[in-house]
Structure formats: structure tokens, C-alpha cells
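# Breakdown of the fold
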Amino acid sequence: MNPVLDAWNNADLVEATQAMLACCGAQHWADQMVGIRPISNIAALSEAADRIWATMQESDWLEAFARHPRIGERRASSASEESAAWSKQEQAGTTTAAQTTLRKLAEGNALYEQRFGFTYIVCATGKSAEEMLAILQSRLANTRVAELREAAEQQRQILQLRLGKWLLS
């Protein structure tokens, strides 16, 4: 068994919940994950994370989205230290971006939030700033319903990556 997973299975409620909130900022998701402990192995953890995420509602998704910094920013005000560090790693593609690209990302973020009412979420790991900008621009054509579902899927991918990072911590 993974030592981090083993410790989490035996952690108190607050500590276990905080670990899950670092992976995904939706309180209901974190509570549900903690509530199904013990989880026997990494594959079961990953499967449970997806199964529980699939039961979340719009309010849960929006809560998770709000805990992410905008693409090109370094930290959401409500993010934990661990979550903020992971966001910085995930958005590494913005560190070498041209100022014009960063400006367009900031403008796109604002337009996106005005159009959809929530933060632009993309699984940024391995993507350049230019790729994230192109994805943002293409997603602006979505309906709110379609975009909400796409953002929820991006959040699911992020939470899976973060579970992996957490298990290695």
C-alpha cells in the first residue's frame, strides 16, 4: 500500500478532508471521499474520485473552479498552500510566455468570466501559454451548459493529476 494513502486512511477527519481539498476544492467531493475510507489501493482511490465527481452538481463544480487561479496568475485567494504550489507547477507554461500572450490571456479570462460566470478551467499541465489561450478562445463559442460540462471534465483531469502528486508527497 502507498504510505500516503495508508496515513490518510487513518488520519483524523480534518486532516483527511484538507488533503482532499488540496486535490479538488469542492467541499462536498472532499467530504464524500473521506466518508468512504478506508480505500485499499491507488486504483480504487482514482476510481472513487471519478465516481464521486460524477455525482457533483453545478454548485460543487463552481466551488472547485473558484479555488483555481486564473491562467497566468499564481494563486487563487481561497487555495491552500499545497494547491497553490500545484497550480504554479501546472501553469509552468505561462512563465516563459510573451507579455502579449499574457495580456491576451488576462483579457480572455475576463471575457470568459463575463460570458460564463466562472473561472476558465483547463488542465494546464504540459501546455504552453499559447495553447491555453487558443483553447480559451475556442471554448468561448460554447453554450454555458456545454462549457460548464467541459470545465467540470477539465477539473476532473486536474483532480486526478493532483491525487497522483499528493500520493508522492
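Residues numbered from 1 in each chain as written. Predicted model: local features only at pLDDT ≥ 70, side-chain atom pairs only at ≥ 80, totals over all residues. Heavy atoms only, no water.

## Comments concerning the packing of aromatic side chains
Ring pairs (aromatic) are described by centroid distance and by the angle formed between their planes. Throughout the structure, instances matching the rule amount to six aromatic pairs. Put simply, the rings of Phe-65, Tyr-112, Phe-116, Phe-118 and Tyr-120 touch in pairs and so form one group of aromatic residues. Directly above the ring of Trp-8 sits Arg-37, whose terminal nitrogen or CZ lies 5.6 Å from the centroid. (Phe/Tyr/Trp six-rings, centres within 6.5 Å; stacked < 30°, edge-to-face > 60°. Lys NZ or Arg CZ within 6 Å of the ring centre and 35° of its normal.)

## Section: the side chain of Gln-91
For Gln-91, the position within the fold is in the loop between helix H6 (81-90) and helix H7 (99-116). Here Arg-70 takes part through its backbone oxygen, which lies 3.5 Å from a polar atom of the side chain of Gln-91. (Helix = DSSP H or I, 4+ residues; strand = E, 2+ residues; numbered from the N terminus. Polar contact = N/O pair within 3.5 Å; in protein donor to acceptor, adjacent residues only side chain to side chain.)

## Description of unusual backbone geometry
Cis geometry marks the peptide bond from Arg-37 to Pro-38; its omega dihedral reads 0°. If you trace the backbone, Pro-38 turns up in the loop between helix H3 (27-35) and helix H4 (42-53).

## Some details on the side chain of Asn-9
Along the chain, Asn-9 turns up in helix H1 (residues 3-10). Residues within four places of Asn-9 in sequence aside, it is in contact with Met-1, Arg-37, Pro-38 and Ile-39. (Contact = heavy atoms within 4.5 Å.)

## Looking at the nonpolar core
Nonpolar side chains in soluble globular proteins tend to end up buried together. Counting 51 residues, the largest nonpolar core has Trp-8, Met-20, Trp-29, Met-33, Leu-45, Trp-53 and Trp-166 as the members making the most contacts within it. Secondary structure elements with two or more residues in this core: H1, helix H2 (13-23), H3, H4, helix H5 (58-66), H7, helix H8 (129-139) and helix H9 (144-167). In terms of residue count, the dominant contributor to this core is H9 (eight residues). Once residues within four sequence positions are removed from consideration, Met-33 is found in contact with Trp-8, Met-20, Ile-39, Leu-45, Ala-48, Ala-49 and Ile-52. (Core = buried A, V, L, I, M, F, W, Y, C linked by side-chain atoms within 4.5 Å. Buried < 20%, exposed > 50% of the residue type's maximum accessible area, 1.4 Å probe, protein only.)

## Re the environment of Leu-45
One can find Leu-45 in helix H4. Its relative accessible area of 1% is what places Leu-45 among the buried residues. For the pair formed by Leu-45 and Leu-163, sequence separation is 118 residues and the distance between their alpha carbons is 8.5 Å. With sequence-adjacent residues up to four places away left out, Leu-45 is seen in contact with Leu-5, Trp-8, Met-33, Ile-39, Leu-163, Trp-166 and Leu-167.

## Let's talk about the pattern of salt bridges
Taken as a whole and assessed by the stated rule, the structure comprises eight salt bridges. In this structure, a network of salt bridges that share partners links the residues Asp-50, Glu-153 and Arg-156. (Salt bridge = Lys/Arg side-chain N within 4 Å of Asp/Glu carboxyl O.)

## Thoughts on the packing of H4 against H9
The interhelical angle for the contact between H4 and H9, taken along N-to-C directions, is 155°, at an axis separation of 11 Å. With respect to H9, the element H4 is oriented roughly antiparallel. Helix-helix and strand crossings are classified by hand; for H4 and H9 the assignment is right-handed. Of the residues in H9, those touching H4 at Ile-42, Leu-45, Ser-46, Ala-49, Asp-50 and Trp-53 are Ala-152, Gln-155, Arg-156, Leu-159, Gln-160, Leu-163, Trp-166 and Leu-167. (Axes fitted to C-alpha atoms, helices over the stretch in contact; angles between N-to-C directions. Parallel < 35°, antiparallel > 145°, perpendicular 65-115°, else oblique. Left-handed = near helix turned anticlockwise from the far one by under 90°.)

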